[in-house]
Amino acid sequence: MRRLTFIAKLKSPIIARGYLTFDALLGALLFDRLQDPDEAHAAIPLKCENGLYSASAAILEPFATRSVSFAASLRARHDLGPDLFRKNRDGSRIHRTMGERRRRDFGNVLSSYRANEATQVCWHCIGDLDAIADLLGDARFIGKKRTAGFGEVAGWDYSESDLDGVADQEGRPLRPVPADMFAGDRSLPVQDAAWKPAYWDPANRAPCFAPPLMNT
């Protein structure tokens, strides 16, 4: 495995919630192929020690954001659990019937995001160049709201790197790293963060040294 830098050149602004680590991106691409999260995580072609991947968080260049909003309809049967509705005293039924046919019974929700006007996104890592390049061939859009045209990739570049994807030359974290595993600058603040796949799982959160979260 080699120390590498990968750069995604963007055609459109990107909505990147959280850190968007390189292992998360590759894991998502593998899941699209394998349709099994455990197999996808096991096949990520990056150096991994004790669950920590040598793969940085996304670095957005240049960094300039704007707010974007989306309106979506909620269908009660699909999007809202019955436990969210007030029930009668014995809990046997809800106070209002949930309609499924008329739009006025669905309810609209407005969601806001921060879109970054970056022209490129880069990651540092230690990994298998050929395997990574094969996966990135499937990545035509990255980040959130891809179906709305955000995060369109014009092309990928790579180069050799001096970084391991965990810390930079000054010892600052390039990704969330559990405090007991971090060998860099320990004078920095510790924060609660997810540090390994599956990133949505609360069990994978811990006190971590991490870079500033610029794209919330």
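Criteria and thresholds
- Counting restarts for each chain: residues are numbered from 1 in the order of the written sequence.
- Whole-chain, interface and lining totals are the exception, using all residues; otherwise, since this is a predicted model, local features are given only for residues with pLDDT of at least 70 and side-chain atom pairs are given and counted only at 80 or more.
- For the side-chain quantities, the full set of heavy atoms in the structure was used; hydrogens and water were omitted.
- Axes here mean lines fitted to C-alpha atoms, for a helix over just the part in contact, with angles spanning 0 to 180 degrees between N-to-C directions.
- Comment: elements are numbered from the N terminus, with helices defined as DSSP H or I runs of at least four residues and strands as E runs of at least two.
- Should an angle fall under 35 degrees it is taken as roughly parallel, and over 145 as roughly antiparallel, whereas 65 to 115 is taken as roughly perpendicular and any remaining angle as oblique.
- Should the near helix be turned anticlockwise from the far one by less than a right angle, the crossing is termed left-handed; should it be turned clockwise, right-handed.
- In what follows, a contact means two residues having at least one pair of non-hydrogen atoms within 4.5 Å.
- We call Phe, Tyr and Trp rings a pair once their centres come within 6.5 Å, taking the six-membered ring for Trp, and we label the pair stacked below 30 degrees between planes, edge-to-face above 60, and tilted otherwise.
- Burial status follows relative accessibility: with a 1.4 Å probe on protein chains alone, a residue under 20% of its type maximum counts as buried, one over 50% as exposed, and anything between as partly exposed.
- Nine residue types can take part in a nonpolar core, namely buried Ala, Val, Leu, Ile, Met, Phe, Trp, Tyr and Cys, and a core is a set of them joined through side-chain atoms within 4.5 Å.
- Buried and open spaces are told apart on a 1 Å grid over the protein atoms alone, a cavity being a set of points where a 1.4 Å probe fits but cannot get out and a pocket being an open set with protein on both sides within 12 Å along at least five of seven lines. Residues with an atom within 4 Å of a point are the lining residues.
- Grid points are joined across faces, edges and corners, and a volume is the space filled by probe spheres set on the points.
- As a working rule, the residues Ala, Val, Leu, Ile, Met, Phe, Trp, Tyr, Cys and Pro are called nonpolar, Asp, Glu, Lys and Arg charged, and the rest polar, with Gly in that last group.

Some points on the packing of helix H1 (residues 22-34) against helix H4 (residues 129-136)
Thought 1: Orientation of H1 relative to H4, taken along the N-to-C sense of each, is 65 degrees, at an axis distance of 10 Å. Judged by the angle between their axes, H1 and H4 are roughly perpendicular. The way H1 lies across H4 gives a crossing that is left-handed. Note on element contacts: H4 touches H1 through Ile132, Asp134, Leu135 and Leu136, opposite Phe22, Leu25, Leu26, Leu29, Leu30 and Arg33.

Regarding the packing of aromatic side chains
Thought 1: Going through the model one piece at a time under the given rule, you end up with 5 aromatic pairs.
Thought 2: With a centroid separation of 6.1 Å and 35 degrees between ring planes, the pair formed by Phe6 and Tyr158 is classed as tilted. Taken together, the positions of Phe6 in strand E1 (residues 2-10) and Tyr158 in strand E8 (residues 153-160) put the pair 152 residues apart, joining distant regions of the chain.
Thought 3: What makes Tyr158 partly exposed here is its relative accessible area of 46%.
Thought 4: Feature note: the residues Phe6, Phe22, Trp123, Trp156 and Tyr158 constitute an aromatic cluster, connected by ring pairs.

Focus on the nonpolar core
Thought 1: Membership of the largest hydrophobic core comes to 30 residues, with the highest contact counts inside it found for Phe22, Leu26, Leu46, Trp123 and Ile142.
Thought 2: Looking at this core, the elements that each hand over two or more residues are E1, H1, strand E7 (120-127) and H4.
Thought 3: It is H1 that contributes the most residues to this core, 5 residues altogether.
Thought 4: Among all residues touching Phe22, those that are not within four sequence positions of it are Phe6, Leu46, Ala55, Ser56, Trp123, Cys125, Ile132 and Leu136.
Thought 5: In terms of nonpolar packing, the next biggest core, distinct from the first, is built from 11 residues, Val177, Ala179, Ala193 and Trp195 among them.

Some thoughts on the layout of surface pockets
To find leftover empty space, a probe the size of one water molecule is rolled over the atoms.
Thought 1: Approximately 1100 Å³ is the volume found for the largest pocket.
Thought 2: Lining the largest pocket are 36 residues, and of these Leu20, Ala24, Leu25, Ala28 and Lys144 sit closest to its centre.
Thought 3: Elements supplying a minimum of two residues to the lining of the largest pocket: H1, helix H2 (37-42) and strand E10 (191-194).
Thought 4: At 8 residues, H1 tops the list of elements feeding residues into the lining of the largest pocket.
Thought 5: For the lining of the largest pocket, a count of residues per class yields 20 nonpolar, 6 polar and 10 charged.

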